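# Observations on chain architecture
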Amino acid sequence: RLTWDGVVGLSGDCTVSWVSMESEVRATTQLGSCSGEFEVDPASGLAFVSGPTSVLIDGENTLESTVSGDLVAFDDVAQVFYVATEGLATLSAVTLDGAELWTVPTEGPVTALDDGGGTGTAGVVMELGDGGAVAFYDGLDGSLVRFAETPTAAQDLAVSGNGSVVALVRPEQVFFYALGE
C-alpha cells in the first residue's frame, strides 16, 4: 500500500515491510500469523493486519487490537480502521491506538467493505434476502447514514472520492450506482 513517503507491504509469510520511495527498507516485522488482509494509514504508515489476533503495527511498535476480522478499510477522514468478518452481520471501528471505538450490527451478513470515499463513513455491502444492499455508517459513532437495496450482494466494493458513486464488483460483473447527495 502506498504511503506519503513510501510503501508498506505484507508478504505471504506474514512479514510486514516499510520501504522508502528510494527503495530503502526502513523496517520489517515478522508476525506469527495473519490472514493476508491489511490496510495502511498513508500519513503515518500505521498498518492494521488481520489475523486470529489482529494487530496495529508501525515498524517499531506492535499493538494487539481487541477487534479482528478479514475485511479491513482505512478512513483518513475519521482516522479509524473499519473491520468486519465476511459472512457476519457486524461492523467495527478501531482507533489508531488499537481501541474499539464502536461495533454495530449490520442489516445482513457483510460481503465487502471500503471507506466511504472522503465522507467519514464506512461503505458496507451485505446480503439481504434474495438480493443485497449497500450501506454507509458514520465513522465516529457507527450510526447508519445511507442505505440502498441492490439486486445482488458483491464480493468487492469501490467508492468514489466523494462517496456519490459505488461499484459493486462480482466475478463476472460490475454494477455502478449513483447515490447522489
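This structure is a prediction, so every number in the text was calculated from the model and none was measured.

The rules behind each value
Residues numbered from 1 in each chain as written. Predicted model: local features only at pLDDT ≥ 70, side-chain atom pairs only at ≥ 80, totals over all residues. Heavy atoms only, no water. Phe/Tyr/Trp six-rings, centres within 6.5 Å; stacked < 30°, edge-to-face > 60°. Buried < 20%, exposed > 50% of the residue type's maximum accessible area, 1.4 Å probe, protein only. Pairing = 2+ DSSP bridges. Helix = DSSP H or I, 4+ residues; strand = E, 2+ residues; numbered from the N terminus. Patch = residues over 30% accessible without salt bridge, like charges linked within 9 Å, V, L, I, M, F, W, Y side chains within 5 Å. Areas by Shrake-Rupley, 256 points an atom, 1.4 Å probe, with all protein chains shown as cover. Salt bridge = Lys/Arg side-chain N within 4 Å of Asp/Glu carboxyl O. Core = buried A, V, L, I, M, F, W, Y, C linked by side-chain atoms within 4.5 Å. Contact = heavy atoms within 4.5 Å. Axes fitted to C-alpha atoms, helices over the stretch in contact; angles between N-to-C directions.

### Here we look at the packing of aromatic side chains
For the structure on display, the rule yields three aromatic pairs. Summarising the aromatic geometry, the rings of F74 and F81 are spaced 4.9 Å apart at their centres and angled 55 degrees between planes, so their arrangement reads as tilted. Residue classification places F74 among the buried positions, given a relative accessible area of 7%. Plain terms: the ring middles of Y82 and W102 are 6.3 Å apart, the flat faces sit at 40 degrees to each other, and that makes the pair tilted.

### Observations concerning the sheet that holds strand β4 (residues 25-30)
The strand order β1-β2-β3-β4 describes an open sheet built from four strands, whose pairing is antiparallel. Each edge of the open sheet carries a strand with a single partner, namely β1 (2-3) and β4. Pairing analysis gives five bridges linking strand β3 (residues 15-20) to β4, with the strands arranged antiparallel. The residue bridging V16 from the neighbouring strand is T29, located in β4.

### Let's talk about a nonpolar patch on the surface
On the surface, L2, V7 and M21 cluster together into a nonpolar patch covering about 300 Å² of accessible area. Mapped onto the elements, V7 comes out in strand β2 (residues 6-10).

### Notes on the nonpolar core
Counting 18 residues, the largest nonpolar core has Y82, L91, W102, L113, V124 and Y137 as its most contacted members. Those elements giving two or more residues to this core turn out to be β9 (71-75), β10 (80-84), β11 (90-95), β12 (100-105), β13 (110-115), β14 (121-128) and β15 (131-138). Sequence-distant contacts of L91, defined by excluding residues within four places in its chain, comprise Y82, V83, A84, W102, T103, V104, T106, L113, A122, V124 and Y137. If you look at the next biggest cluster of nonpolar residues, it comprises 14 residues, including V16, A27, V40 and V55.

### Quick notes on the sheet that holds β11
Reading across from one edge, β9-β10-β11-β12 is the order of the four strands in this open sheet, with antiparallel pairing throughout. On the outer flanks of this sheet lie β9 and β12, each paired with one strand and no other. Across the sheet, the axes of successive neighbouring strands diverge by a mean angle of 20 degrees, strand direction being ignored. As paired strands, β11 and β12 are joined by five bridges and run antiparallel to one another. Bridge assignment links A93 to a residue of β12, and that residue is W102.

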